[in-house]
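The primary structure of each chain is shown beneath.
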Amino acid sequence: MSFTTALSGLNAAANNLSVTGNNIANANTTGFKKSRSEFVDVYASSIGGVSKTQPGAGVRVAEVAQQFNQGNLDFTDNSLDLAVSGEGFFTMATNPTDLKSLVYTRNGAFRVNADGLVTNTQGQALLAYAPNGSNVAAGFSQGVLKTVSINVGAGLPTATSNVDIKVNLDSNSTEPPTGTMDPTDPSSYNKQTSATVFDSLGVSHTLTSYFVAKPVTPPTRDWDVYHYITDDPAAPVPVDVGGTPTTMTFDSTGKLTVPANGQVTLAPYVTGSSASDIVMKTNYFGSTQLAAAFSVDALKQDGLPAGRLTGIAIDKEGIIFARFSNGGSTPLGKVAMTRFPNPQGLSKLGDTNWAQSADSGEPIPGEAGSGNFGLINAGALEQSNVDLSAQLVNLIVAQQAYQANAQTITTENSIVQTILNIR
């Protein structure tokens, strides 16, 4: 019986050595999760149960248990390298054409294949939730999985609808010498500023605002502002509604009071092409009239020209953006995350992949940063969670256990030989 007991100890120690060796071998494997041998004692039981004097029948390996604690993050320069900080797995399709063949991984070393799909080194495709529209505000469909393709073409242009202009008009300005405003005659206005705006095809146009000082009427003062499209400076096209300028009124502190919200609606500009008319508003909110030189303190508009793809960006919530040279971005999807009630029960597939099993429980889909799911770090990889120093110490302990069990066999053999030599 002692031989059998010692042999079980040898097998257990050998298993521990193998597990420890595998951990050491994968100390630099991205997304690897270490394992440990878990042992239980063995007794030969009968109907009456285990005797109080029964010494035991050895040991057996109950489980090689996976340890899913967090690995350190290694930051890289690749925007497609992803690391999960917290709970959850990346959801992968083993075949990009079959989105039901799912596996799960913590290895976020992704790349773009020949078909423009984001995949790992095994050709498995990263899955994401499909966007509901062309912007993040439209949300994502958690029930609709899709592969991530960067074959998105050009960045679509956006027609300008709002132009924000914040200026300071010099309170010391006098009325211009020429009484009738003419955009081609600088003596008929005090100051002007221009903004580039875009039509629906991404063609740029120049919107120019001309400011004309009016007589002081204490405690306020009015200025007239005229708006023209000045693509051809010699033939500017007026875009004021009814051809009438907008009156800007400033109080005794230099604050703009009229229009109350600073917003001015312009007449549609007919582009003369297949592009739609440009329908836009200007907003002068925050403009002032102070005893200081004329200045443009802020100027922005919401239109975009056509653009080309410049890169892919992924935020902490897993939203994948296509970035374009025109400054625009389009959401391509939101990284699909999955977690399990018992991750230790997942089936090991190799290549740092796992699959659902009866022990793991049903997969729970979700999004990074929501519920119990961790955040995604772009430009980073999760290192193996193997502590090499601890594994080397464990290697020594496993070796000693093996040697001790071998010594038990040697001792038992010596006793048996003594008995056999009795005459």
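Please refer to the structure higher up on the page.
Residues numbered from 1 in each chain as written. Predicted model: local features only at pLDDT ≥ 70, side-chain atom pairs only at ≥ 80, totals over all residues. Heavy atoms only, no water.

**Some remarks on the overall build of the protein**
Looking only at helices and strands, the protein features two helices and 30 strands. Rg of the C-alpha trace for the protein: 37 Å, well past the compact-globule value of 22 Å for 423 residues, more than 25% over. On the principal axes, the C-alpha backbone points of the protein span a range of 140 × 45 × 40 Å. Taking all 423 residues of the protein together, the buried fraction comes to 40%. Counting only contacts in the protein whose residues sit at least 6 apart along the sequence, the fraction spanning at least 24 positions is 61%. (Helix = DSSP H or I, 4+ residues; strand = E, 2+ residues; numbered from the N terminus. Rg over C-alpha atoms; globule rule 2.2 N^0.38 Å. Buried < 20%, exposed > 50% of the residue type's maximum accessible area, 1.4 Å probe, protein only. Contact = heavy atoms within 4.5 Å.)

**Brief notes about the packing of aromatic side chains**
Throughout the structure, instances matching the rule amount to ten aromatic pairs. Both rings, one in Phe68 and one in Phe89, keep their centres 5.7 Å apart while their planes meet at 75°; by these two values the pair is edge-to-face. A residue pair is termed long-range when its members are at least 10 positions apart, and Phe68 in the loop between strand E2 (58-66) and strand E3 (73-75) and Phe89 in strand E5 (residues 89-95) qualify at 21 residues. A relative accessible area of 4% means that Phe89 is categorised as buried. (Phe/Tyr/Trp six-rings, centres within 6.5 Å; stacked < 30°, edge-to-face > 60°.)

**Brief notes about empty space enclosed by the protein**
As enumerated under the stated definition, the model contains one cavity of 30 Å³ or more in all. In this structure, the largest cavity encloses a volume near 30 Å³. Forming the boundary of the largest cavity are Thr105, Asn107, Ala109, Asn120, Gln122, Asp351, Thr352 and Asn353. A class-by-class count of the residues in the lining of the largest cavity yields one nonpolar, six polar and one charged. (1 Å grid on protein atoms, 1.4 Å probe; cavity = no way out; pocket = protein on both sides within 12 Å on 5 of 7 lines; lining within 4 Å. Points joined across faces, edges and corners; volume = space filled by probe spheres on them. Nonpolar A, V, L, I, M, F, W, Y, C, P; charged D, E, K, R; others polar.)

**Examining the pattern of salt bridges**
Summed over all chains, the structure comprises six salt bridges. Residues Asp224 and Lys214 are paired through a salt bridge, measuring 3.6 Å at the closest nitrogen-oxygen approach. Taken together, the positions of Asp224 in strand E14 (residues 220-229) and Lys214 in strand E13 (residues 204-217) put the pair ten residues apart, joining distant regions of the chain. Since its relative accessible area comes to 9%, Asp224 is described here as buried. With relative accessibility at 30%, the residue Lys214 sits in the partly exposed group. Overlapping salt bridges bring together Lys33, Arg106 and Glu382 as one network. (Salt bridge = Lys/Arg side-chain N within 4 Å of Asp/Glu carboxyl O.)

**Thoughts on the environment of Leu420**
Checked against the element boundaries, Leu420 lands in helix H2 (residues 388-420). In the structure, Leu420 is positioned 112 residues away from Arg308 in sequence and 89 Å away in space, judged by C-alpha atoms.

**Some remarks on unusual backbone geometry**
Leave glycine aside and you will find that most residues have negative phi; peptide bonds, for their part, are mostly trans. Geometrically, the link from Pro218 to Pro219 is a cis peptide bond, its omega value of 5° lying close to zero. Tracing the backbone shows Pro219 in the loop between E13 and E14. In this chain, Val258 is followed by Pro259 through a cis amide linkage whose omega measures -5°. Among the structural elements, Pro259 can be located in the loop between strand E17 (256-258) and strand E18 (263-265). For Asp351, which is not glycine, the phi dihedral falls at a positive 55°. Position of Asp351 among the secondary structure elements: in the loop between strand E26 (347-350) and strand E27 (353-355). Here Thr352, not a glycine, exhibits a phi torsion of approximately 50°, which is positive. In this fold, Thr352 is placed in the loop between E26 and E27. The class of Thr352 is buried, set by a relative accessible area of 13%.

**Topic: the pairing of E13**
The sheet contact formed by strand E12 (residues 191-198) and E13 spans eight bridges and is antiparallel. Directly across from Phe198, in E13, lies its bridge partner Ser204. Hairpin remark: E12 followed by E13, antiparallel, with five residues in the connecting loop; positive phi at Gly202, about 85°. The turn joining E13 and E14, which pair antiparallel and follow one another in sequence, is formed by two residues. (Pairing = 2+ DSSP bridges.)

**So, the packing of helix H1 (residues 2-25) against H2**
Direction vectors running N to C along H1 and H2 enclose 160°, while the axes themselves pass 9 Å from each other. In terms of orientation, H1 lies roughly antiparallel with respect to H2. Considering how the two elements wind past one another, H1 and H2 form a crossing that is left-handed. Residues that form the contact of H1 with H2 fall into these classes: 17 nonpolar, eleven polar and one charged. (Axes fitted to C-alpha atoms, helices over the stretch in contact; angles between N-to-C directions. Parallel < 35°, antiparallel > 145°, perpendicular 65-115°, else oblique. Left-handed = near helix turned anticlockwise from the far one by under 90°.)

**Digging into the pairing of strand E23 (residues 319-324)**
Burial analysis of E23 places five of its six residues in the buried class, the great majority of the element. Here five bridges tie strand E22 (residues 309-314) to E23, and the two strands are oriented antiparallel to one another. Paired with Ile312 across the strands is Ala322, a residue of E23. Between the end of E22 and the start of E23, which pair antiparallel, lie four residues, with Gly318 showing a positive phi angle near 85°. Inspection of the sheet shows E23 paired to strand E24 (residues 329-335) by five bridges, in the antiparallel sense. The residue of E24 that forms the bridge with Ala322 is Thr330. In this structure, the hairpin formed by E23 and E24 is closed by a connection of four residues, where Gly327 is found at a positive phi of approximately 90°.

**Describing the layout of surface pockets**
If you add up the space inside the largest pocket, you get close to 250 Å³. Classifying every residue of the lining of the largest pocket by side-chain character gives five nonpolar, nine polar and three charged. In this model, the second largest pocket occupies a volume close to 210 Å³. In this structure, the second largest pocket is lined by 13 residues; those nearest its centre are Gly155, Leu156, Phe324, Ser329 and Thr330. The leading source of residues in the lining of the second largest pocket is E24, at three residues. Residue composition of the lining of the second largest pocket, by class: six nonpolar, seven polar and no charged.

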